[in-house]
Amino acid sequence: MTTPRATRCTFIPPWLVERVDGPERAARDDELRRERALRGRAPRPAPPPAEGVVAAPDWTVHDAESRTTLPGTPARSAGEPETGDVAVDEAATGIEATLQMFLDDLGRDSHDGEGAPVSLTVHYGSRYNNAFWDGTQLVFGDGDGRVFERFTKPVDVLAHEFSHAVIEHTADLVYRGQPGALNESVADAFASCLKQRLLGQDAGEGDWLIGEGIFTASVQARALRDMAAPGTAYDDPEVGADPQVGHMDDYVETTADNGGVHLNSGIPNKAFQLAAVAIGGTSISGAGRIWYDALVGGDVPSGASFATFAAATVAAAGDHADAVRDAWAQVGVEVDAAAGETDQQSPQVPQPPSPQPGGRVRVERSGGFAGRTETAEVDLGQVDDPDLGRLVTEAVLASAGSDGPPRPDMFVYTFTVDDGDPVRVPEHLLTASQAELAQRILRPDPTTGSTSGWDA
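Residues numbered from 1 in each chain as written. Predicted model: local features only at pLDDT ≥ 70, side-chain atom pairs only at ≥ 80, totals over all residues. Heavy atoms only, no water.

Student: Break down the overall build of the protein for me, with residues and values.
Tutor: Helix and strand content of the protein: 12 helices and 14 strands. Per-residue burial for the protein yields a buried fraction of 57% across its 456 residues. Here the analysis covers contacts within the protein between residues at least 6 apart in sequence; of these, 67% occur between residues at least 24 apart. Looking at the protein as shown, the accessible area adds up to about 17400 Å², and 48% of this sits on carbon and sulfur atoms. (Helix = DSSP H or I, 4+ residues; strand = E, 2+ residues; numbered from the N terminus. Buried < 20%, exposed > 50% of the residue type's maximum accessible area, 1.4 Å probe, protein only. Contact = heavy atoms within 4.5 Å. Areas by Shrake-Rupley, 256 points an atom, 1.4 Å probe, with all protein chains shown as cover.)

Encoded structure:
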């Protein structure tokens, strides 16, 4: 199966998913996949702007009403008053502020640069712990209320997801390995720029926290990420400690989280913060302008390494080239002539393992805005559930996985039977049998411990 090149990004990284998982999985059946692939929304007609005036991009916030059908029911559009629904109104305020920043400070008209209408959805799923851009829609869950608040609460979460859409329409950084970490980092950079812009702060005054307020008061955390001090945003008995790194000496090689995109994004995050403070003034007019010019300048391939992107920012920095070069050097990225270099290979689609009776079945879920990884496994020989064996055959043994690209901030599922090759599937491409297998193994019936009978 092939999918559009568009990426889908979820805000929660996979290492938090390991500790905290929303009880409602996102829709994964064939009907929803078809709906997402086929849905289209014609822009509403609008009067032409006056000569010499750029019209503000159109936007609509939809209400999914705790379901997973997108886009949901229109709840508020540009020019309409507040509704009284907190999530709807937060999304409306956030998208207006984000669009205004990109237009005023970077001269960019919506995510595609041509004034495309923006579609947003709130109240997605039941207690859904994530936010993502799926190539068409900005989507926000309400959180579980125990660990996570609603994902519209911090305005920088919305700016982060919108920035993934901008990245898709410019350098289109592959969401894996170093280009995937750059994808995450650039989204964080523009998100922090918006937060500081709204607070009237210069770069030196900003706190550089991403997702401040996303955790409930019971969690020992300042935010989800700290661009100035990666790895220090939270440390909680249940959630764990922030594992993000901020220097190439600590670069994490892993297959989880699409190659550690949320872990290693702390390295370019720190470089951006250092550059912004060194340049001075507002972050969006200084380092933000430079990062944006690099993004759209044509010297950043979709598989760019950190060194490649660093070279592009130095080339775009003008009088601030030394400050930008020094910022990258401080995180262990040396700027060289690597401007055409890529580190991204075409994804390999694993072949399905040979069918075999019994054995152990392992399911892993990684990705999401928090970037944690959750795993669980069962021994088929010890489970009195013949239907589970059927699901394993359909979901794993008879499947070669998906050749669709991973999407930013979106969950990815990995199914493994014994020592067979893993079958990896992005959430939006899960078949009905894969979705059911995942929920049975990752969320067994809490009353019996059985892998069957769990109700999502």
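There's plenty left to go through after this.
Student: Can you lay out the environment of E334 for me, pointing to particular residues and giving the numbers?
Tutor: Inspection of the secondary structure assignment puts E334 in the loop between α10 (321-330) and β11 (360-366). Along the primary structure E334 and A310 are separated by 24 residues, whereas in three dimensions their C-alpha atoms are 8.0 Å apart. Those residues in contact with E334 that lie beyond four places of it in its chain are A307 and A329.

Student: Before we move on, can you summarise the sheet that holds strand β14 (residues 423-426) with the specific residues and values?
Tutor: Read across the open sheet, the four strands follow the order β12-β11-β13-β14; overall the sheet is antiparallel. The open sheet terminates on both sides in strands that have one partner only, identified here as β12 (374-379) and β14. Within the sheet, the average angular offset between the axes of one strand and its neighbour, ignoring direction, is 15°. With six bridges connecting them, β11 and strand β13 (residues 412-417) associate as antiparallel partners. (Pairing = 2+ DSSP bridges. Axes fitted to C-alpha atoms, helices over the stretch in contact; angles between N-to-C directions.)

Student: An account of the pattern of salt bridges is needed here, citing residue identities and associated values.
Tutor: Close approach of charged atoms allows side chains of opposite charge to pair. In total, this model carries 19 salt bridges according to the counting rule given. Put simply, D104 and R197 hold a salt bridge, and the shortest N to O gap is 3.2 Å. Residue D104 is found in helix α3 (residues 86-106), and its partner R197 is found in helix α5 (residues 177-199); the two are separated by 93 residues along the sequence. Accessibility expressed as a relative area gives 31% for R197, which makes it partly exposed. Of the charged contacts, one joins E212 and K195 as a salt bridge, the two residues approaching to 2.9 Å between their closest N and O atoms. In this pair, E212 sits in the loop between β7 (209-210) and β8 (225-226) while K195 sits in helix α5, placing the two residues 17 residues apart along the sequence. (Salt bridge = Lys/Arg side-chain N within 4 Å of Asp/Glu carboxyl O.)

Student: Describe the pairing of β13, with residues and values.
Tutor: Burial of β13 is extensive: six of the six residues sit out of reach of the surface. Of the two faces of β13, the one lined by V412, T414 and T416 and the one lined by Y413, F415 and V417 are each fully buried. Pairing of β13 with β14, which is carried by four bridges, proceeds in the antiparallel orientation. Bridge pairing in β14 places Y413 opposite V425. Hairpin connection, β13 to β14: the antiparallel pair is bridged by five residues, and D418 has positive phi, about 50°.

Student: Tell me about the nonpolar core, and name the residues and values.
Tutor: Core analysis: the biggest nonpolar cluster contains 87 residues, and L120, F148, F215, L224 and W291 have the highest contact counts within it. When residues in this core are grouped by element, the largest group, 10 residues, is from α3. Non-local contacts of W291, meaning those with residues more than four positions away in its chain, are made with V186, A271, F272, A275, F309, T313, V324 and W328. Of all hydrophobic cores here, the second largest spans 27 residues; its members include L70, Y124, A395 and L442. (Core = buried A, V, L, I, M, F, W, Y, C linked by side-chain atoms within 4.5 Å.)

Student: Which residues make up α10, and what are the values?
Tutor: Among the residues making up α10, those that are buried are A321, V324, A327 and W328. Taken end-on, α10 shows its buried residues confined to a sector of 130°, consistent with a single buried face. Its buried side turned inward, α10 meets α7 (266-279), α8 (287-296) and α9 (306-316). Just beyond α10, the residue with positive phi is G332, at close to 85°. (Arc of directions from axis to C-beta.)

Student: So what's going on with the packing of aromatic side chains? Which residues, and what values?
Tutor: Taken as a whole and judged by the stated rule, the model has 16 aromatic pairs. When the ring of F102 is compared with that of F190, the centres are 5.3 Å apart and the planes differ by 65°; the resulting orientation is edge-to-face. Placement of F102 in helix α3 and of F190 in helix α5 is noted, with a sequence separation of 88 residues between them. Across this residue pair, the class does not change: F102 and F190 are buried. A ring pair is formed by W208 and F272, whose centres lie 6.0 Å apart and whose planes are at 70°; its orientation type is edge-to-face. You can see W208 sitting in the loop between α5 and β7 and its partner F272 sitting in helix α7, a full 64 residues away along the chain. On the accessibility criterion, W208 (2% relative accessible area) is buried. (Phe/Tyr/Trp six-rings, centres within 6.5 Å; stacked < 30°, edge-to-face > 60°.)

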